[in-house]
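Topology and contacts: notes
Listed below are the residues making up each chain.
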Amino acid sequence: MIWVATCLHDTRARAENSNPSRTTSSENGVRVEILEGAPDQTNWDFAPPDLSETYGEPAFGFDALPTKYSDYGIKVDRAAPFVFRAMSRITLPKGEHRLLLRCRGAARLKLDGKLIAATKFAKLNADGHEEVPDLPVVAEPELRYPQPGHFECLTNVVFDGQAHDFTLEAVIGGKGRRPELGELTVSVALAGQGTFHLLNPSLNTATASRKSRPTGLVPYTEQGWTAYAADRRAHWKAQDKPRRATAAFEEKKYWAWRHELARKQVADPQLRCALPPAVPTATPVHNDIDRFIGARLATAGVITAPLLDDYAFLRRVTLDTIGTIPTPAQIESFLRDSSKDRRAKAITRLLAAPGWADHWVSYWQDVLAENPGILKPMLNNTGPFRWWLHEAFSDNLPMDRFATELIQMEGSVYHGGPAGFDMATDNDVPMAQKAQIIAQAFLGMQMQCARCHDAPYHDFKQKDLFSVAAMLKKEPQAVPLSSSIPTNANIVVGRVVNVTLKPGSKVEPEWPFQAVMRDDLPPGVLRRSADSREKLAALITDARNERFAKVLVNRVWKRYLGWGIVEPVDDWETAKPSHPELLDWLARELITHDYDLKHIAALILNSHTYQRAVRPDGSLDRKAEERLFASPARRRLTAEQVVDSLFAAAGKPFDSEEMNMDVDGRRPVKDFNNLGQPGHAWEFASLSNERDRPALAMPKAQQIADTLTTFGWRESRQSPLTARDHSANVLQPAALANGLLGNGRITRLSDDHAVTALALVKRPLPELVRAVFLRVLSRPPTDAEAKLFATHLEKGYATRLVEASASNGFKHVKARRAVSWSNHLNPEATTIKQELEREARLGDPPAERLRPDWRERMEDMLWALINSPEFVFLP
């Protein structure tokens, strides 16, 4: 066998011999091994670490790893650096074939134990002044371009038609480095064939004939790799859920015992709550919620608003459960169901949909002040524990376990575990910040003022906050100099402001709320008796205290009805509930149903109270105890709902840049997070950089972030927040009517636009108008609307289609010189990003299959629907 290696991008192939045991393919084709705990060095001179995990992949193409979980089902980091090893026994046809190795860092490819290709260890700690690399050169026109920071080695090998063992090894991560594979691939171009395919056992059946190409393989082209990588990411994301369940099998038993204990505790006669009251026969009742609400309405002599029609109901409940407008398929399926309980069945389907997790993440990001920076930590930055939030709601984690995992702050700090909540950078007493967030989120206690002095308008002392902080710290908490006010400050707020803790003094970890909540715990609840974090979590979630359950159900109620039973939902100091018996009953339902938030959601969504039409009186801001809920409040879509629904209406992906300013992975993770490729609005983060350097700009992502910000999204969450400012402002209609996102992407009928696909179907014009209305506003048009838009679109409708041009369908992505933190201070980097900005401002290219004059008419219609108030308000 003869081989010749040509390594590009300053890499070299080193001849090495080794004698590994014969490799075997996994049932998926390629066996993968992860060996954790390699030495942190820039050479291969070390003994292989012990095997940690093995699994199968279909080909030598890797950009995603299975997630590692602790015995609690929480994401944890692998011991880095680790060796990634992939092996398979493959037969290639006789002849001289080209093998291409690509890796972001050090990798080596062996054939029957002999080294045939290698890439070098990356140079770390780039300072930003490096040269912008030249345009990448590819071996074949259709070959995917190498990504920023990647090295490659091209090797010619003569094969004899027999089976041989291929072994790929790469060193991943390092101390303080992100443990990412990048784009780790081995591809092959068989003799006489120009296209490279990912190396895999399917090549056993391939021939080297110039007249045929291998079938069932993955072409290493832009389109081929994009589809393959997306499939593998989806595969491992789907595998995360059963992997979590397997890892936490024993933990689940503990929580089953806790929930059985909770049911026994609230069965105590002393903790009984009121039963649903009797109501007049004329009172509309779907479930017991309507009895509690109806009794008050009957006493007040107030008539309820009527039910929403089916179209409005489905739009509202879909937005409230999964955060986006319903698809036309969901609408048609709902309408085809003629059963009396079709609304209840729709609610059940929606609560089981993946979007349930996506919709709740953004809410808890605000409430828990999840504040990860892409570039360099700022005040109160956290780790990106958003991934734990998403996993928790994907698993429908019981809310007492949810709070406990957050409070214990274990797992991965930088890669998506609740330990990311532990961080509060540039804060001299971070656990006081966390204590305030936890008290506000789960107990409705506003303790912010106690950071520096006794709260003048709340019954909290400094010691209360610092006692909780000490429990979180697991040791006495020192009071910093900043937790005080000068004696000569002469602060007047209507009450005396007292400072009862001296800077430098220490506060012991102890439960400070004995006056309002119990401080004893049943045997067996604590598994680590010396762990004050576990004790804090257990006391907060103790079923006998009930405050935790009441605060949570009140949060859900406000989210779906617009007002809480208690207002404000995060500050119960002097608040009085409008329906105290209903609040008690809902809390009891949460406790006795394993703290299942979906159970509470189902109760509320199925009620007549929720399904009523909006009336002006439902939105009146009055005292909480006077609110009757004859009608829900008028609610505007959240920023995330607006953006996700815009893209849902257009049927397009975000197609934005990766949320990462260190794309070649050469800086420490403590300075640069990689938040991945956004697929939902909650996955964005602040795009600002310390000096607004244009070379670090993300033009496409910026358009989406600007729209989110206009509608109330906080790109920086330095402090917790429950209710955003949803006041109307002039920027909101301007963003949709004239903004780059609205005009350049959402209303531009490009080839990948859903409305373009609708327009390409031959059908009567009224059917097209109806289809567009269902897609955007979730309802058919009125007669007047149908006539108006049919008249507008009629001219040129019969001749709107243009014959597709004859081509092979191959469209190469435009080559780009790679800009990253490594070279962002180079003037060329700024020039390149400015060109990208110009292209982004032009928007998506218009569809070639539609005549421009008619296409613009349809864009006018789409623009009108998107910019109607109906689009941005819930029915």
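Up top is the structure these notes are about.
Residues numbered from 1 in each chain as written. Predicted model: local features only at pLDDT ≥ 70, side-chain atom pairs only at ≥ 80, totals over all residues. Heavy atoms only, no water.

Digging into helix α21 (residues 765-777)
With 13 residues, α21 should reach 18 Å at 1.5 Å per residue; the first-to-last C-alpha distance of 18 Å fits that figure. By the criterion of burial, α21 is predominantly enclosed, with 10 of the 13 residues buried. Every buried residue belonging to α21 is among Leu765, Leu768, Val769, Ala771, Val772, Phe773, Leu774, Arg775, Val776 and Leu777, and all of these are buried. Once α21 ends, the next one or two residues include Ser778, with phi positive near 65°. (Helix = DSSP H or I, 4+ residues; strand = E, 2+ residues; numbered from the N terminus. Expected span 1.5 Å × (residues − 1). Buried < 20%, exposed > 50% of the residue type's maximum accessible area, 1.4 Å probe, protein only.)

Details of the packing of aromatic side chains
In the structure shown here, the tally under the stated rule is 34 aromatic pairs. Their ring planes at 55° and their centres at 5.7 Å tell us that Phe442 and Phe548 sit as a pair that is tilted. Remark: Phe548 occurs in helix α13 (residues 547-561) and Phe442 occurs in helix α10 (residues 430-443); sequence separation between them is 106 residues. Using a relative accessible area of 0% as the deciding quantity, one classes Phe442 as buried. Owing to a relative accessible area of 2%, Phe548 belongs among the buried residues under this scheme. Of the aromatic side chains, those joined through ring pairs into one cluster are Trp356, Trp360, Tyr363, Trp364, Trp388, Phe393, Phe402, Phe442, Phe548 and Tyr595. Lying over the aromatic face of Phe334, Arg342 brings its terminal NZ or CZ to 4.9 Å of the ring centre. (Phe/Tyr/Trp six-rings, centres within 6.5 Å; stacked < 30°, edge-to-face > 60°. Lys NZ or Arg CZ within 6 Å of the ring centre and 35° of its normal.)

Section: the side chain of Arg177
Considering the arrangement of structural elements, one finds Arg177 in the loop between β10 (163-172) and β11 (184-189). No salt bridge is formed by the buried Arg177; the nearest opposite charge belongs to Asp662, separated by 6.3 Å. Every residue in contact with Arg177, bar those within four places of it in the chain, is listed here: Leu124, Asn125, Arg666, Arg667 and Pro668. (Lys, Arg positive; Asp, Glu negative; His and termini not counted. Salt bridge = Lys/Arg side-chain N within 4 Å of Asp/Glu carboxyl O. Contact = heavy atoms within 4.5 Å.)

Comments concerning the pairing of strand β9 (residues 151-159)
Among the nine residues in β9, seven count as buried, and that is most of the element. In this sheet, β9 lies alongside strand β6 (residues 95-103) in antiparallel orientation, the contact comprising nine bridges. Each residue of the ladder has a partner; that of Gly95, found in β9, is Phe159. (Pairing = 2+ DSSP bridges.)

A look at the pairing of strand β8 (residues 114-119)
Taking burial as the measure, the six residues of β8 include five buried ones, the bulk of the element. Across five bridges, strand β7 (residues 107-111) lies against β8 in antiparallel orientation. Residue pairing in the sheet places Lys110 in a bridge with Leu115 of β8. Where β7 folds back onto β8 in an antiparallel hairpin, the turn is made up of two residues, including Asp112, whose phi is positive at roughly 55°.

Here we look at the packing of helix α14 (residues 580-592) against helix α15 (residues 597-606)
Look at α14 against α15: their axes get within 8 Å of each other, and the N-to-C directions meet at 140°. Here α14 is positioned oblique relative to α15, judged by the angle of their axes. Regarding α14 and α15, the two cross each other, and that crossing is right-handed. Contact with α14, carried on its side by Trp585, Leu586, Glu589 and Leu590, involves Leu597, His599, Ile600 and Leu603 of α15 and no other residues of that element. Considering only residue class, the contact of α14 with α15 consists of six nonpolar, one polar and one charged. (Axes fitted to C-alpha atoms, helices over the stretch in contact; angles between N-to-C directions. Parallel < 35°, antiparallel > 145°, perpendicular 65-115°, else oblique. Left-handed = near helix turned anticlockwise from the far one by under 90°. Nonpolar A, V, L, I, M, F, W, Y, C, P; charged D, E, K, R; others polar.)

With respect to the packing of helix α17 (residues 699-710) against helix α23 (residues 827-842)
Angle between the axes and distance between the axes: these two values describe a pair of packed helices. One can describe the packing of α17 onto α23 by two numbers: an axis separation of 8 Å at closest approach and a directional angle of 50°. The orientation of α17 with respect to α23, classified from their angle, is oblique. Touching Pro699, Lys700 and Gln703 of α17 are Leu836, Glu837, Ala840 and Arg841, all from α23.

A few points about unusual backbone geometry
A cis amide bond links Ala80 to the next residue, Pro81, at an omega of 0°. The residue after Glu567, namely Pro568, is reached through a cis peptide bond having omega -5°. Note on placement: Pro568 falls in the loop between α13 and α14. Of note, the phi angle at Met409 is positive, near 55°, even though the residue is not glycine. The residue Met409 is located in the loop between α9 (399-408) and α10 in this model. A positive phi angle, near 70°, is found at Lys474, a position not held by glycine. Tracing the backbone shows Lys474 in the loop between α11 (462-473) and β13 (477-478).

Topic: the nonpolar core
Counting 105 residues, the largest nonpolar core has Trp364, Leu368, Phe402, Phe442, Trp557 and Tyr560 as its most contacted members. If we ignore the near neighbours within four places in the chain, the residues touching Phe402 are Trp364, Leu368, Trp388, Leu389, Ala392, Phe393, Leu397 and Phe442. (Core = buried A, V, L, I, M, F, W, Y, C linked by side-chain atoms within 4.5 Å.)

Side note on the environment of Thr831
Relative to the helices and strands, Thr831 resides in helix α23. On the basis of relative accessible area, Thr831 is assigned to the exposed category, the value being 51%. Here the alpha-carbon distance between Thr831 and Phe684, two residues 147 residues apart in the chain, equals 25 Å.

Honestly, it's all geometry; don't read function into it.
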